[in-house]
Amino acid sequence: MEALLVSTGVVALAEIGDKTQLLAFILAARFKKPVPIILGILAATLVNHGLAGALGAWITHSVNPGILRWVLGLSFIGMAIWTLIPDKIEDEETTIASRFGVFGATLITFFLAEMGDKTQIATIAMAAHYGTPLLVIAGTTAGMLIADVPAVFIGDKLAAKIPMKLVHSIAAAIFAVLGVATLSGAGTQFGL
């Protein structure tokens, strides 16, 4: 259950102000069709984070536990630093809609925007850390929806009122704590 809750919380916080949340704002403003946008976000996230979770599970079984602990710990600390760097979105990511409709545009742009993004990397790391990729995928997907669905409905009005620097700092702190805890061997008695 910890894997689900931590994955949900960390990704929901990390996603606030992220380029995919900005993409949700842009798509919602451009198309004004929330249902296909939300379904596109869900489908893209499930596929993207499903692949990331599978990679995390493979890493868990393929890498020596001592080395894995260091890689994961440093990855979480790297995620903490990366979370403090604001994302920008490029217009090319939203031009696909003219060919594929709102759902298709959302699916494609969200999938591509998430490739190599901090939430995808975090999904790999948490799946490897917890060893329960399905719970991590469910959590990271829920976290994406928690952050992005309000963006679809509320748009820029809410974004201006959220203290992004504070939210990013909290997410970075959580990643840093996970990194330090992993490096120090916290949880080894529980098989983590």
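Refer to the preceding data block for the structure.
Anyway, here's the lowdown on the structure attached to this text. (Residues numbered from 1 in each chain as written. Predicted model: local features only at pLDDT ≥ 70, side-chain atom pairs only at ≥ 80, totals over all residues. Heavy atoms only, no water.)

Considering the packing of helix 1 (residues 2–15) against helix 7 (residues 133–154)
One way to put it is that helix 1 packs onto helix 7 with a least axis distance of 7 Å and a crossing angle of 35°. The interaxial crossing formed by helix 1 with helix 7 has right-handed handedness. Packed against helix 1, whose contacting residues are A3, L4, S7, T8, V11, A12 and E15, the element helix 7 presents L135, V136, A138, G139, T140, A142, G143, M144, I146, A147 and D148 at the interface. Broken down by class, the residue content of the contact of helix 1 with helix 7 amounts to 11 nonpolar, five polar and two charged. (Axes fitted to C-alpha atoms, helices over the stretch in contact; angles between N-to-C directions. Helix = DSSP H or I, 4+ residues; strand = E, 2+ residues; numbered from the N terminus. Left-handed = near helix turned anticlockwise from the far one by under 90°. Contact = heavy atoms within 4.5 Å. Nonpolar A, V, L, I, M, F, W, Y, C, P; charged D, E, K, R; others polar.)

Looking at a nonpolar patch on the surface
Side chains of V35, L39 and F103 sit close together on the surface and give an oily, nonpolar patch of about 270 Å² of accessible area. Looking at where V35 falls in the secondary structure, it is placed in helix 3 (residues 34–62). Judged by relative accessible area, which is 54%, V35 ranks as exposed. (Patch = residues over 30% accessible without salt bridge, like charges linked within 9 Å, V, L, I, M, F, W, Y side chains within 5 Å. Areas by Shrake-Rupley, 256 points an atom, 1.4 Å probe, with all protein chains shown as cover. Salt bridge = Lys/Arg side-chain N within 4 Å of Asp/Glu carboxyl O. Buried < 20%, exposed > 50% of the residue type's maximum accessible area, 1.4 Å probe, protein only.)

Describing the nonpolar core
Formed by 37 residues in total, the largest nonpolar core has its most connected members in I37, F110, M126, Y130, V152 and F175. Mapped by element, the contributors of at least two residues to this core are helix 1, helix 2 (19–31), helix 3, helix 4 (65–83), helix 5 (97–114), helix 6 (118–130), helix 7 and helix 9 (164–183). In terms of residue count, the dominant contributor to this core is helix 6 (seven residues). (Core = buried A, V, L, I, M, F, W, Y, C linked by side-chain atoms within 4.5 Å.)

Topic: the packing of helix 1 against helix 6
Working note: a packed helix pair is described by the angle between its axes plus the distance between those axes. At a minimum axis separation of 11 Å, helix 1 and helix 6 run at an interaxial angle of 165°. Looking at the two axes, helix 1 sits roughly antiparallel to helix 6. As for the relative orientation of helix 1 and helix 6, their crossing is right-handed in sense. The segment helix 1 lies against helix 6, with E2, A3, V6, S7, V10, V11, A14 and E15 engaging K118, T119, M126 and Y130. A breakdown of the residues in the contact of helix 1 with helix 6 according to their chemical character gives seven nonpolar, two polar and three charged. (Parallel < 35°, antiparallel > 145°, perpendicular 65-115°, else oblique.)

Some thoughts on helix 2
The terminal C-alpha atoms of helix 2, which comprises 13 residues, lie 18 Å apart, in line with the 18 Å expected from a rise of 1.5 Å per residue. A positive phi of about 50° marks K32, the residue just after helix 2. (Expected span 1.5 Å × (residues − 1).)

Here we look at the environment of F25
You can see F25 is positioned in helix 2. Judged by relative accessible area, which is 8%, F25 ranks as buried. Considered as a pair, F25 and I154 are 129 residues apart in the sequence and their alpha carbons are 8.3 Å apart.

Section: the environment of I37
Relative to the elements of secondary structure, I37 occurs in helix 3. The class for I37 is buried, based on a relative accessible area of 0%. Taking the C-alpha atoms as reference, I37 lies 9.9 Å from F110; in sequence the two are 73 residues apart. Leaving out residues up to four positions away in the same chain, I37 has contacts with L27, A28, V102, T106 and V152.

What to know about helix 6
Along its 13 residues, helix 6 runs 18 Å from first to last C-alpha, staying within 8% of the 18 Å computed at 1.5 Å per residue. Taking burial as the measure, the 13 residues of helix 6 include 12 buried ones, the bulk of the element. For helix 6, the complete set of buried residues consists of K118, T119, Q120, A122, T123, I124, A125, M126, A127, A128, H129 and Y130.

Side note on the side chain of T106
In this structure, T106 sits in helix 5. Judged by relative accessible area, T106 falls into the buried class, the value being 0%. Ignoring sequence-local partners within four residues, the contact set of T106 consists of L27, P36, I37, G40, I41 and F111.

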